[in-house]
Amino acid sequence: MAYEIIAYQPEHAAVAAELHAAGQPGTFLTSLGPAFLRALYEQMAESALCFGYVAVESAEVVGVVTGAVDSGAVFKELVLKRGHRLILPVLGSVVRRPAQIARIVQTLFYPSQIKPEPGETEMLFLSSREDRRGQGIGHALYWAFCEGSRQRGYSQVGLSVDVSNAHAVRFHERQGMHLVREFRIYGRTFRWYVLPLTWESPGHETHQGS
Ligand SMILES: CC(C)(COP(=O)(O)OP(=O)(O)OC[C@H]1O[C@@H](n2cnc3c(N)ncnc32)[C@H](O)[C@@H]1OP(=O)(O)O)[C@@H](O)C(=O)NCCC(=O)NCCS
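Since the structure is predicted, the reported quantities are computational estimates derived from the model, not experimental observations. (Residues numbered from 1 in each chain as written. Predicted model: local features only at pLDDT ≥ 70, side-chain atom pairs only at ≥ 80, totals over all residues.)

## A closer look at the overall build of the protein
Regarding its fold elements, the protein presents eight helices and seven strands. Within the protein, the proportion of its 210 residues that are buried is 35%. The long-range share in the protein, meaning contacts at least 24 apart out of those at least 6 apart in sequence, stands at 74%. (Helix = DSSP H or I, 4+ residues; strand = E, 2+ residues; numbered from the N terminus. Buried ≥ 20, exposed ≤ 12 C-beta atoms within 10 Å, placed from the backbone. Contact = placed C-beta atoms within 7 Å.)

## What about the site of the ligand?
Taken together, 19 residues sit near the ligand, with G23, R133, G134, G138 and H139 positioned nearest. Of all elements in the fold, only β4 (120-128), α7 (137-151), β5 (156-162) and α8 (166-174) reach the threshold of two or more residues within the shell around the ligand. No other element matches the four residues that α8 contributes to the shell around the ligand. Residue composition of the shell around the ligand, by class: six nonpolar, eleven polar and two charged. (Near = placed C-beta within 6 Å. Nonpolar A, V, L, I, M, F, W, Y, C, P; charged D, E, K, R; others polar.)

## Some remarks on the environment of P116
With respect to the helices and strands, the residue P116 is situated in the loop between α6 (110-114) and β4. Spatially, the C-alpha atom of P116 lies 32 Å from that of Y3, the residues being 113 residues apart in sequence.

## Let's talk about unusual backbone geometry
Unusually for a residue other than glycine, A59 sits at a positive phi of about 65 degrees. Here A59 is to be found in the loop between β2 (50-57) and β3 (60-68). Of note, Y186 is a non-glycine position whose phi angle comes to about 55 degrees, a positive value. As for its placement among the helices and strands, Y186 is situated in the loop between β6 (178-185) and β7 (188-196).

## Focus on the packing of helix α1 (residues 13-23) against helix α3 (residues 34-46)
Where α1 meets α3, the closest approach of the two axes is 8 Å, and the angle between their N-to-C directions is 125 degrees. Judged on the interaxial angle alone, α3 and α1 are oblique. The two elements α1 and α3 cross, and the hand of that crossing is right-handed. Where α1 abuts α3, its residues A13, A14, A16, A17, H20 and A21 lie against P34, L37, R38, Y41, E42 and A45. (Axes fitted to C-alpha atoms, helices over the stretch in contact; angles between N-to-C directions. Parallel < 35°, antiparallel > 145°, perpendicular 65-115°, else oblique. Left-handed = near helix turned anticlockwise from the far one by under 90°.)

## Describing the nonpolar core
The tendency in soluble globular proteins is for nonpolar side chains to be buried side by side. Membership of the largest hydrophobic core comes to 48 residues, with the highest contact counts inside it found for Y53, A55, V64, V65, L141, A144 and F145. Every element with two or more residues in this core is listed here: α1, α3, β2, β3, β4, α7, β5 and β7. Considering every element that reaches this core, the biggest residue donor is α7, with eight residues. (Core = buried A, V, L, I, M, F, W, Y, C linked by C-beta atoms within 7 Å.)

## Looking at the pairing of β2
Across the eight residues that make up β2, a large majority, six, are buried. Examined bridge by bridge, strand β1 (residues 4-7) and β2 share four bridges and lie antiparallel to one another. Looking at the pairing, A7 lines up with Y53 of β2. Between β2 and β3, which pair antiparallel and follow one another directly, the connecting turn spans two residues, one of which, S58, has a positive phi of 50 degrees. (Pairing = 2+ DSSP bridges.)

## Some words on the sheet that holds β4
Strand pairing in a sheet is mediated by backbone hydrogen bonds. Such pairs are either parallel or antiparallel. Overall, mixed pairing links the seven strands, which are arranged β1-β2-β3-β4-β5-β7-β6 in an open sheet. Looking at the sheet topology across the chains shown, the edges are occupied by β1 and β6. Recorded for the sheet is a direction-independent mean angle of 25 degrees between the axes of neighbouring strands. Sheet analysis places β2 next to β3, joined by eight bridges and oriented antiparallel. In the strand pairing of β3, E57 is matched with E60.

## Considering the environment of Y193
For Y193, the location among the structural elements is in strand β7. What makes Y193 buried here is the crowd of 21 C-beta atoms within 10 Å.

By themselves, these figures tell us nothing about what the structure is for.
Next up, the structure:
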């Protein structure tokens, strides 16, 4: 069945949050709960610092990619604009797992770990729905984000990936991303990858699928 890649909008926030929880089980942001993820994806839809795309098929969202031109600033916006909605879910998560406090503090230092460069966007989340993986949706969304970055005047896309997520590591390396550094956060090892937007990389022509 054909899918279409369209711009990420506020009405996609709920399903994007669900895809995040399903695609990133056991990760820190997912552990903060559905209310937190919903607020995060609503903020990303409204923020001038963010943009993204969804793959839509028969009016259903089957994949999402979101990213930012300054992820540290997006988290600050989230706290300033939606902090009142985050207090209860975050407190609940800390009460259940006190070690979350350390993870929250580490999140504040995330930008200093990835060391974003001028002219770079960060792909924050990419997922296709589990029953639609391996059909090119991830590839189409990835390259839509790269093209969106280029159109906004950026020259490089970066992203971090947990090394234990072997499928995602392989996926990003297959798109032509270069490993820049490894860093530790949340007790795990992550890799920071970048892709210069030269348009010599394979696959950038595919933004619509079937
Ligand atoms: C990584 C991810 C976005 C890829 O999305 P996708 O829609 O499966 O991507 P594609 O179909 O374009 O490519 C997937 C690759 O796996 C292969 N594949 C085949 N069957 C597959 C299956 N059942 N499931 C996943 N991948 C499969 C594809 O052939 C392709 O390989 P290739 O690059 O050698 O051609 C997806 O696995 C996902 O949503 N994972 C969970 C969330 C996540 O970890 N995101 C990344 C965080 S950095």
